[in-house]
Each structure stands twice: as structure tokens, then as C-alpha cells.
Amino acid sequence: MIENLQNFVSGLPEWLQMLGVVLIGMIPFVESYLGTVIGVFAGLNPVVAAGAAIAGNLIAVLALIFGAGALRTRFGKHDNPDAPSPRRAKVARMFDRFGVPGVSFLVHPTQISGPVMIGLGASRRRVILWQVISIVLWGALTGTIASFGVTQLIN
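So, here is what we can say about the structure in this document. Bear in mind that the values here come from a model prediction, so they are computed numbers and not experimental data.

What counts and how
- Residues numbered from 1 in each chain as written.
- Predicted model: local features only at pLDDT ≥ 70, side-chain atom pairs only at ≥ 80, totals over all residues.
- Heavy atoms only, no water.
- Helix = DSSP H or I, 4+ residues; strand = E, 2+ residues; numbered from the N terminus.
- Areas by Shrake-Rupley, 256 points an atom, 1.4 Å probe, with all protein chains shown as cover.
- Lys, Arg positive; Asp, Glu negative; His and termini not counted.
- Charge placed at Lys NZ, Arg CZ, Asp CG, Glu CD.
- Phe/Tyr/Trp six-rings, centres within 6.5 Å; stacked < 30°, edge-to-face > 60°.
- Buried < 20%, exposed > 50% of the residue type's maximum accessible area, 1.4 Å probe, protein only.
- Contact = heavy atoms within 4.5 Å.
- Polar contact = N/O pair within 3.5 Å; in protein donor to acceptor, adjacent residues only side chain to side chain.

### Describing the overall build of the chain
Looking only at helices and strands, one finds seven helices and zero strands in the chain. Element order for the chain, N to C, with α for helix and β for strand: α-α-α-α-α-α-α. Along the three orthogonal principal directions, the C-alpha set of the chain runs to about 55 × 30 × 25 Å. If you sum the accessible surface of the chain, you get close to 8800 Å²; carbon and sulfur atoms cover 66% of it. Averaging the coordinates of the 11 positive side-chain charges in the chain and doing the same for the 6 negative ones gives two points 12 Å apart.

### Digging into the packing of aromatic side chains
In the structure shown here, the tally under the stated rule is two aromatic pairs. For the pair Phe-105 and Trp-130, a centre-to-centre distance of 6.2 Å together with 65 degrees between the ring planes defines the contact as edge-to-face. Of the two residues, Phe-105 is situated in helix H5 (residues 86-106) and Trp-130 in helix H7 (residues 124-154); the sequence distance between them amounts to 25 residues. Residue Trp-130 is classed as partly exposed on the basis of its relative accessible area of 23%.

### Here we look at helix H3 (residues 31-41)
Counting buried residues along H3, eight of its 11 residues qualify, which places the element largely inside the surrounding structure. Along H3, the residues classified as buried are Glu-31, Ser-32, Tyr-33, Gly-35, Thr-36, Ile-38, Gly-39 and Val-40. Buried-residue contacts for H3 involve helix H1 (2-11), helix H2 (17-25), helix H4 (46-75), helix H6 (110-119) and H7. Positive backbone phi, at 110 degrees, marks Gly-43, one or two positions downstream of H3.

### With respect to the side chain of Ser-134
Note that Ser-134 resides in helix H7. At a separation of 2.7 Å, a polar atom in the side chain of Ser-134 contacts the main-chain carbonyl oxygen of Ser-104. Setting aside chain neighbours within four positions, we find Ser-134 in contact with Ser-104, Phe-105 and His-108.

Okay, here's the thing in C-alpha cells:
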């Protein structure tokens, strides 16, 4: 899959490659960290690749967080009487243990963890703040690592 995404970006005209990385950054489990790596390995400048992947990830996560917040406001903050899904139960346990910052850094994809934290009653502002910090830091870290990797492959 990663190779297919890299080929997708590489196959685009140079002026569209950044937009391709933005789209890749929106994919759950790829997000800013793998999107950055894909962009770097496709030949984009590491800063451009990281910025594009981070932007795509942020667009998707913010849309989902605002949507989850709107749903929570519209339908109330009632607990679901049905048993939670295994993924929701896992995020809830981590949420209780580590709070919004811990879940933001440790539970991926952010497209799932952000809306789930909203559904669990976390403040939308707090979730947005920590999700943005997490996405930017993970994208920058993997971009740095990827750029060193490409440098080592070339030399």
C-alpha cells in the first residue's frame, strides 16, 4: 500500500505532488507521519512533504472533531446504553488513564481518537489543541527521520 501511495505521488505532475501528499495525509493510519515519509521518498522537499501531510491530516481530523461535537450537541451527552465497541473501550481506558494529551500522542489514527474523545465528553478545544500538537510533532519527527534516511540512501 505504501509503495502504491508513493507511486501515486511520484506519478503526479510536479506542481500537483504536494496536493497528492495532502490527500494521503487524510487517510486513516497513514496521516501526517507516513504521509510525510511517502512525500520525502517520492522526491518532495522534506519541509514541503511534512507541511502537506500535516495539512491533510489536520483537515480530516478537524472536520471529524467538529462533526462529532455537533452530533454530541444535537443528540445530547447521554451515554450509549449498548456495549461499546472494542476500539471505543480501548480509547476510553486510555482516555481515563492518560487524558486528552496522552490519547492524542498514543492512539492512532487521529481520525478515530479525536471524535471518540469528543464522544467521551472531552472539551472540543482541548482535543483540537492536543490533536494539532500531536499531528505536527509526529509529522515533523517522521519527516526528519525520512530526510536522513534519503540522505543515507543517496550517499
